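Overview (structure and organization)
Residue-level listing of the chains:
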Amino acid sequence: MESKSLPQLGIAPLPEVVAALTLEEKVKLLIGMGLYPEGFDVSFLLPAPPDENNTPERVPGAAGRTHAVERLGIPLLVLSDGPAGVRISPTRKDTNQTFYATQFPSETLLASSWDTEMVESLGKAFGDEVKAFGVNVLLAPGMNIHRNPLGGRNFEYYSEDPVVTGEMAAAFVKGVESNGVGTSIKHFAVNNQEFNRMNLDTAVNERPLREIYLKGFEIAVKKAQPWTIMTSYNLVNGTYTSESPDLLTKILRDEWGYTGLVMTDWYGGKNPVAQIQAGNDLLMPGTLEQYDRLIAAYNSGELKPSELDACVTRVLELVLKSPTFHGEPITNAPALKANAQVSRKAATEGMVLLRNESQTLPLKAGAKVALFGNASYDLVVGGTGSGDVHRAYTVQINEGLAAAGFEVVDSLAKHYTVHLDAEKAKLPEKRDILELAPVLPEAAISISLLAEVADGADYAIFTLGRSSGEGGDRKVEDEFELTNVERELISQIESAFHAKGKKVVVLLNVGGPVEVASWRDQADAILLTYLPGQEGGNAVVDVLSGKVNPSGKLATTFPAKYLDIPFAEEFPGKVKPGLSPEMRGFEGPPSENSYQEGLYVGYRYFTSFGVSAAYDFGFGLSYTTFQYNSFEVSLRDNEIEISLRVTNAGEVAGREVVQFYVSAPTEKVEHPARELKAFSKTSLLEPGSKCEVMVKIPIDDLAYFDDQTSAWAIEEGEYTIAAASSATDEGLTAKVRLPGKLVLQSRSLMAPAVPIEELQR
Ligand code: BGC
């Protein structure tokens, strides 16, 4: 009865609804509720806010929920991970029905497709699953920069480059949100490692902060206005990101024009009052301590009514947009079959052919394949942690080969089945979702078995598998580098097969770069499959067989050796005595990581300092070749208009990724040798056919952040624009002269107390 006379959300003006909320209701709206899946060890969880324990879970296995205020017509919202598929429990207590979601390829693979249209349509299919399961906000995409190849969650992020990152995220967000559900771009910001992520203070100068670490987020916000943003766990220059008004209000809302909601990462930050005041609207998954602290702060006057109401209003604006508020039905029947095909197709578009001597690939139809390596039979389809997905099945590579009419050597398959069963039986039971998957030792193959197999098979394929996941970073030895057993195996396979004049193919089933320079000459072909999702086996074989001509290119450099990364030995930061950097912990005593390389991250470093990589950013082979000509560059209406003709000069149809790099004048201000400003992927070009690629780069995109004047500015002078096939390909170049311009006068925000001494060219 009472509710009839009370202002109802969506009917009464929003300020009236806010005014009708009690203080306790407001505070509950600002903190969430967590997840309690059956059998989950909740002993580490903090005491929950009021109501949580008696609110039935709507979507078991989702990461969290918001509170409802039924008397004012405010329903609760469900938030769920993650970047590669909806992560919910596949089974439920009260039914035999299953709730599997599609596992899509990891973000690193998607970025290597350089195909924003594909990523948007994948997002559309993905978002349909989000909606079907009754989830309101998908906690994805991750978009931190691949600063160091050991970053444990790099597989959940796109690239070392902010333009690729921002464009991919914008496309994904648009696709998912076209279903009327939300996304959460994360982890905002500078969360480039897992080690000690809850207590790590990242020291970074303002220029790299703005140009490298915030730029991708800026692009995604301006192009796609995601419904929500998730702050990161770490501190930047002394302040937790979730407690930083500079980041969440001055930069994000005032400068970029963001209108959506900001939430914390799960248990992120320390001071709830500072979080609300900074503009971090929702604290997830909510604790009793936060609840008590906010009520007390309000009562003491520390937290002003306007500060509280600003965040409450944004929570309600999110509710107003949500499918739950609109009464959308929960079907629990996503288009799993169709989406599996979306996942397969996407995986083929992002795989990168790194080496193909004497046209080893594609494989000859119907060939007999000797399939080596654990991952050939136990594919790593995605990473672990909150980015994991409960999928209905995995297509293994041996299954993909058989389905495409290849013959797989049976004795080897049996050998690996026995080996994998034995190795898995030795593993302790997984305790929680943050436990990392170990690299399983490779099976020894006797010389006699090798000789027998090499006699009968047409090709050897060895799959190198690496998992990684949330909660820890990777190691150099035995993770970035190959284990001795893996090296030995590759050598033995090579000798046995090359002795018989047969080719050796290596598949890299990894989440990020591994060391390849020392052994790659032993392989005739190398295909980087990344973590390809549940249809991985089929997708790999689509590329191996030539059904799909590979068109992926690296969105992250493969260094020749780990120490080639600038300040590699400093990673993951200065750790206090007693804690070793090898520890896989994500919570330790305060530590610091100083970003001394400044702007020189990834290819910006390799190209500026003349260091050769094993495989460059932007590099990837095809079964055909492309020619670039008729390159034209002109300046019109504050835009650089570029056109280029791309011709398929080979024998099979294919797609080419063209990259546009800009080299700025360096007389007065330092700039990296070249920086990616745009890219374009052609449609499928038949042999001999051509297409015109046209892109426009707004000149404002050429601005740099001048930390002397705290302004985005364009330097006057001559700029070289290149259309190139990788970061080290000179490509076709043209010059344009630009007048100086002040693009945006900002302020000094988030600066380190003492500027970091940076690497100089
Ligand atoms: C992760 C987030 C994730 C959240 C909810 C955190 O541990 O860092 O990426 O969305 O958990 O599961």
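Bear in mind the structure is a predicted one, so any value in this text is a computation, not a measurement.

This part is about the packing of helix α6 (residues 162-177) against helix α8 (residues 215-224). Contact pair α6 / α8: the axes reach a minimum separation of 7 Å and the direction vectors enclose 35 degrees. Crossing geometry of α6 relative to α8 is assigned as right-handed. Mapping the contact onto sequence places Pro162, Val163, Gly166, Glu167, Ala169, Ala170, Val173, Lys174 and Glu177 in α6 and Lys215, Gly216, Ile219, Ala220, Lys223 and Ala224 in α8. In terms of residue class, the contact of α6 with α8 is built from 8 nonpolar, 2 polar and 5 charged.

The next subject is the packing of aromatic side chains. Summed over all chains, the structure comprises 17 aromatic pairs. Arranged with centres 5.5 Å apart and planes meeting at 65 degrees, the rings of Trp114 and Phe617 form a pair that is edge-to-face. Of this pair, Trp114 sits in the loop between α4 (107-113) and α5 (116-132) while Phe617 sits in the loop between β20 (613-615) and β21 (626-636), and the two are 503 residues apart along the sequence. For the pair Trp114 and Phe617, a shared accessibility class is recorded, and that class is buried. Cation over ring: Arg147 sits above Tyr595, and NZ or CZ is 3.7 Å from the ring centre. Above the ring of Tyr615, the side-chain terminus of Arg520 is found at 4.9 Å from the ring centroid.

A few words on the environment of Glu211. As for its placement among the helices and strands, Glu211 is situated in helix α7 (residues 206-213). Separated by 493 residues in sequence, Glu211 and Tyr704 have C-alpha atoms that sit 7.1 Å apart. Ignoring any residue separated from it by four or fewer positions in sequence, one finds Glu211 in contact with Pro162, Leu599, Tyr704, Phe705 and Trp712. Here Arg207 takes part through its side chain, which lies 2.7 Å from a polar atom of the side chain of Glu211.

Core analysis: the largest hydrophobic core is formed by 145 residues, its most contacted members being Phe188, Phe372, Leu412, Phe497, Leu508 and Phe558. Setting aside chain neighbours within four positions, we find Leu412 in contact with Ala370, Leu371, Phe372, Tyr377, Ile445, Leu449 and Val453. Of all hydrophobic cores here, the second largest spans 44 residues; its members include Leu14, Leu72, Trp227 and Ala297.

Here the focus is the sheet that holds strand β13 (residues 368-372). Within a sheet, neighbouring strands are paired by backbone hydrogen bonds and run either parallel or antiparallel to one another. Here 6 strands make up an open sheet; going across it, the order is β12-β17-β16-β15-β13-β14 and the pairing mixed. Across the chains shown, the open sheet's two edge strands, defined by having one partner strand only, are β12 (352-356) and β14 (407-408). One ladder, built from 4 bridges, connects β12 with strand β17 (residues 525-528); its direction is antiparallel. In the strand pairing of β17, Arg355 is matched with Ile526. Against the sheet, helix α16 (residues 410-426) makes contact with β13 and β14, and its axis sits at roughly 20 degrees relative to β13, the strand it touches most. Against the sheet, helix α19 (residues 484-499) touches β13, β15 (459-465) and β16 (503-509), its axis set at about 170 degrees to β15.

Let's shift gears to the site of the ligand. Near the ligand there are 14 residues, and of these Asp81, Arg153, His187, Asp265 and Glu470 occur at the shortest range. Within the side chain of Tyr233, a nitrogen or oxygen atom sits 3.2 Å from an oxygen atom of the ligand. Contact with the protein chains removes 93% of the 310 Å² of surface that the ligand exposes when unbound.

With that settled, the discussion passes to the pattern of salt bridges. Following the criterion strictly, the structure yields 44 salt bridges and no others. Glu307 is the salt-bridge partner of Lys304, the closest N and O atoms lying 3.7 Å from each other. Lys304 sits in the partly exposed class, given a relative accessible area of 46%. Salt bridges linked by common partners bring Asp115, Lys345, Glu349, Arg655 and Lys681 together as one network.

What follows is about α7. Here α7 lies mainly inside the structure; 8 of its 8 residues are buried. Of all the residues in α7, the buried ones are Glu206, Arg207, Pro208, Leu209, Arg210, Glu211, Ile212 and Tyr213.

Our next topic: unusual backbone geometry. Cis geometry is adopted by the peptide bond preceding Pro141, which originates at Ala140 and carries an omega value of 5 degrees. In this structure, Pro141 sits in the loop between β5 (137-138) and α6. Phi is positive for Asn237, close to 45 degrees, though the residue is something other than glycine. Notably, Ser710 is not glycine yet its phi reads approximately 55 degrees, a positive angle. Tracing the backbone through its elements, the reader meets Ser710 in the loop between β26 (704-706) and β27 (711-714). Classification of Ser710 by relative accessible area gives buried; the value is 9%.

About the criteria used
- Residues numbered from 1 in each chain as written.
- Predicted model: local features only at pLDDT ≥ 70, side-chain atom pairs only at ≥ 80, totals over all residues.
- Heavy atoms only, no water.
- Axes fitted to C-alpha atoms, helices over the stretch in contact; angles between N-to-C directions.
- Helix = DSSP H or I, 4+ residues; strand = E, 2+ residues; numbered from the N terminus.
- Left-handed = near helix turned anticlockwise from the far one by under 90°.
- Contact = heavy atoms within 4.5 Å.
- Nonpolar A, V, L, I, M, F, W, Y, C, P; charged D, E, K, R; others polar.
- Phe/Tyr/Trp six-rings, centres within 6.5 Å; stacked < 30°, edge-to-face > 60°.
- Buried < 20%, exposed > 50% of the residue type's maximum accessible area, 1.4 Å probe, protein only.
- Lys NZ or Arg CZ within 6 Å of the ring centre and 35° of its normal.
- Polar contact = N/O pair within 3.5 Å; in protein donor to acceptor, adjacent residues only side chain to side chain.
- Core = buried A, V, L, I, M, F, W, Y, C linked by side-chain atoms within 4.5 Å.
- Pairing = 2+ DSSP bridges.
- Near = heavy atom within 4 Å.
- Areas by Shrake-Rupley, 256 points an atom, 1.4 Å probe, with all protein chains shown as cover.
- Salt bridge = Lys/Arg side-chain N within 4 Å of Asp/Glu carboxyl O.

Worth remembering: the numbers are spatial, not functional.
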